[in-house]
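The primary structure of each chain is shown beneath.
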Amino acid sequence: MMNDVVISIRTVHSCDTEEEDYLDFTTDGLYTYDGEVGCLSYLETEVTGMEGTRTSVIVMPDQVVVDRDGMITSRMIFREGDKTSFLYNTPYGTATMNISTRRILRDLDEHGGQVEIDYVVDMEHTIVTKNKFRLDITEQKQMGENQYG
């Protein structure tokens, strides 16, 4: 069963400079957990520059898969210590990019939890960005629950 959740997302990007760019946003989404695999989905907004795109995240014991469908289409597979490739489709064209996953931290249960991925994106053997991506997943309060104690 899919549960309504609030997803807080923080991304940190850096290029050749030491300066880091942060993007924080919170959105509503859907989440399910079967004891081993966590799945969530949410709609991107104008804050991320991917409005009109649905992002789905599947957190498995050995990898995390991020699927995007809509204005931006891609399927990124993160495996700690591995390098994977993906096609990044935009209205402006398609590029093949690579992801080198440095670390994946996950702490999920049926109520939500956290996922953090530390990775590097490169294209044609040139580093594009170093990234950290953190999701905090929290169950929404059900109607009728007294949230004031």
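Located above this text is the structure these notes cover.
To start, this report covers the structure provided alongside it. (Residues numbered from 1 in each chain as written. Predicted model: local features only at pLDDT ≥ 70, side-chain atom pairs only at ≥ 80, totals over all residues. Heavy atoms only, no water.)

**Details of the environment of Gly52**
Within the secondary structure, Gly52 sits in the loop between strand E3 (38-43) and strand E4 (53-59). Look at Gly52 and you get exposed, because its relative accessible area is 54%. Along the primary structure Gly52 and Asp69 are separated by 17 residues, whereas in three dimensions their C-alpha atoms are 8.5 Å apart. Excluding anything up to four places from it in sequence, Gly52 contacts Glu44, Asp69, Gly70 and Met71. (Helix = DSSP H or I, 4+ residues; strand = E, 2+ residues; numbered from the N terminus. Buried < 20%, exposed > 50% of the residue type's maximum accessible area, 1.4 Å probe, protein only. Contact = heavy atoms within 4.5 Å.)

**Looking at the packing of aromatic side chains**
Counted according to the given criterion, the structure contains two aromatic pairs. Between Phe78 and Tyr119, the ring centres sit 4.9 Å apart and the planes meet at 65°, which makes this aromatic pair edge-to-face. Highlighted residues: Phe78 in strand E6 (residues 74-78) and Tyr119 in strand E9 (residues 112-123), separated in sequence by 41 residues. The buried category is assigned to Phe78, whose relative accessible area is 2%. The exposure class assigned to Tyr119 is buried, which follows from its relative accessible area of 10%. (Phe/Tyr/Trp six-rings, centres within 6.5 Å; stacked < 30°, edge-to-face > 60°.)

Fair warning: the whole summary comes from geometry, so function is off the table for now.
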